[in-house]
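# Notes for the structure review
Below are the chains, spelled out letter by letter.
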Amino acid sequence: MDKHSKIYVAGHRGLVGSAIVRHLQTKRYNNIVCKTSEELDLRNQIQVNQFFENEKPEYVFLAAAKVGGILANATYPAQFLYDNLMIQSNVIEAARQNDVKKLLFLGSTCIYPKMAPQPLKEEFLLTGELEPTNEPYALAKIAGIKLCNAYNKQYGTRFISVMPTNLYGPNDNFDLETSHVLPALMRKIHEAKINREDAVTVWGSGKPLREFLHVNDMADASVYLMENCIPEQIGDFVNIGTGQELTIHQLAETLCEVIGFKGEIIFDSSKPDGTPRKLTNVTKLHQLGWQYHIELKEGVQDTYNWYLDNVVINE
Ligand code: GDP
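Our subject in this report is the structure included herewith.

Cut-off values and rules
- Residues numbered from 1 in each chain as written.
- Predicted model: local features only at pLDDT ≥ 70, side-chain atom pairs only at ≥ 80, totals over all residues.
- Heavy atoms only, no water.
- Near = heavy atom within 4 Å.
- Polar contact = N/O pair within 3.5 Å; in protein donor to acceptor, adjacent residues only side chain to side chain.
- Areas by Shrake-Rupley, 256 points an atom, 1.4 Å probe, with all protein chains shown as cover.
- Helix = DSSP H or I, 4+ residues; strand = E, 2+ residues; numbered from the N terminus.
- Nonpolar A, V, L, I, M, F, W, Y, C, P; charged D, E, K, R; others polar.
- Axes fitted to C-alpha atoms, helices over the stretch in contact; angles between N-to-C directions.
- Left-handed = near helix turned anticlockwise from the far one by under 90°.
- Contact = heavy atoms within 4.5 Å.
- Buried < 20%, exposed > 50% of the residue type's maximum accessible area, 1.4 Å probe, protein only.
- Salt bridge = Lys/Arg side-chain N within 4 Å of Asp/Glu carboxyl O.
- Phe/Tyr/Trp six-rings, centres within 6.5 Å; stacked < 30°, edge-to-face > 60°.
- Lys NZ or Arg CZ within 6 Å of the ring centre and 35° of its normal.

### Comments concerning the site of the ligand
- By nearness alone, 14 residues border the ligand, and Val181, Lys188, Arg210, Pro272 and Asp273 come closest of all.
- Serine 179 places a polar main-chain atom, nitrogen or oxygen, 3.1 Å from a nitrogen atom of the ligand.
- A distance of 3.0 Å separates a nitrogen atom of the ligand from a polar backbone atom of tryptophan 203.
- Coverage of the ligand by the protein chains reaches 87% of its 530 Å² of free accessible surface.
- Those elements that place two or more of their residues in the shell around the ligand are α6 (181–194) and β7 (199–203).
- The element that contributes the greatest number of residues to the shell around the ligand is α6, accounting for 4 residues.
- Residues belonging to the shell around the ligand are distributed by class as follows: 8 nonpolar, 2 polar and 4 charged.

### Description of the packing of α6 against helix α11 (residues 296–310)
- It is at 11 Å that the axes of α6 and α11 come closest, and there the two elements cross at 65°. Between α6 and α11 the crossing geometry is right-handed. Contacts between α6 and α11 involve Leu182, Met186, Arg187, His190, Glu191 and Lys193 from the first element and Leu296, Val300, Thr303, Tyr304, Tyr307 and Leu308 from the second.
- In terms of residue class, the contact of α6 with α11 is made up of 7 nonpolar, 2 polar and 3 charged.

### Some remarks on the environment of glutamine 45
- Turning to its location among the elements, glutamine 45 is positioned in helix α2 (residues 45–55).
- We classify glutamine 45 as partly exposed; its relative accessible area is 41%.
- Separated by 41 residues in the primary sequence, glutamine 45 and methionine 86 have C-alpha atoms spaced 8.0 Å apart.

### Re the pattern of salt bridges
- Inspection of every chain in the model, using the stated rule, returns 13 salt bridges.
- Lysine 101 is the salt-bridge partner of glutamate 58, the closest N and O atoms lying 2.7 Å from each other. Within this pair, whereas glutamate 58 is found in the loop between α2 and β3 (59–62), its partner lysine 101 is found in the loop between α4 (77–97) and β4 (102–106), the two being separated by 43 residues in sequence.
- Under the relative-accessibility criterion, glutamate 58 is labelled partly exposed at 23%.
- Classification of lysine 101 by relative accessible area gives partly exposed; the value is 45%.
- Two residues, glutamate 191 and arginine 187, come together in a salt bridge whose shortest N-O distance is 3.1 Å. One end of the pair is glutamate 191 and the other is arginine 187, both in helix α6 and 4 residues apart, which spans about a single turn.
- Judged by relative accessible area, glutamate 191 falls into the partly exposed class, the value being 30%.
- Salt bridges sharing partners connect three or more residues here, namely Asp41, Arg43 and Asp83.

### A few points about the packing of aromatic side chains
- Summed over all chains, the structure comprises 9 aromatic pairs.
- Both rings, one in tyrosine 8 and one in phenylalanine 51, keep their centres 4.6 Å apart while their planes meet at 55°; by these two values the pair is tilted. With tyrosine 8 in strand β1 (residues 7–10) and phenylalanine 51 in helix α2, this residue pair connects regions lying 43 residues apart in the sequence.
- Grouping aromatic residues by their ring pairs yields a cluster made of Phe174, Tyr304, Trp306 and Tyr307.
- Here the basic side chain of arginine 96 rests over the ring of tyrosine 155, its NZ or CZ set 4.2 Å away from the ring centre.

Honestly, it's all geometry; don't read function into it.
Structure representation (structure tokens):
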């Protein structure tokens, strides 16, 4: 990839896509193409083909997807499966037809079987039943990985897949109904501080273990792999994570410290804990030459600043 290469970032308004665009700009890539979903509906094959024929991107970051938590997957299973299958199939096929030099397909570690041993190794894919609550999304993403591999095999393309752990950072979702734990607790703790409350409530027992990666690190890893690695080195796909975990209780304590909330942390055991542990094995990622840089506390501080400047200010 050189600085003038035409790079299409699909999903540039999302958490990961926006971070990839920022990172490419920082690295002085100067020919980035983006389209909103109003301008280009990636579920529509005719529109996608026309876009690729007109623009002829050389590199593609496929970060566009229908995403959401447990509730959204349960409410809209058809859309999670259909939209994601269509988006990825249309973009991958158009990339092949228009001789894209390299494509990076993004998924998530929810593709792994519910009962897979921890830490999660890439080879555990399709060794057991999926977690039912996110099965529609996971099935689509597994199909995407397999599609990239099949295209590489049959057509000699260079399509690579990456599966990030839990991400957080600027442009995250801070809606308490649909967000993941880190932004949810950030909002709750911030509001407890502002309202001078004595305590903040954390769902579940606080004992589950989770791994968190700042989205700027995710963008750095994505661009690094695009610049340096070919499918033969990566294999089916590669996990992107820190390999470090902490309990939800420890996460809440870190957030209290950064936000400056001195009250108590209370656990609401009527809420589910979910899976007890979710940690990626990052051996392959390290072998490919990339490691995370942003420590949790620093990343939380950065995200809190963004939250204050972009969410709180507009409320
Ligand atoms: P998961 O990683 O797919 O299980 O999804 P979440 O990020 O939603 O939840 C991770 C863990 O954080 C679970 O054990 C939740 O019970 C716990 N948790 C604690 N407080 C909250 C909260 O306010 N919102 C969310 N989403 N999870 C919370």
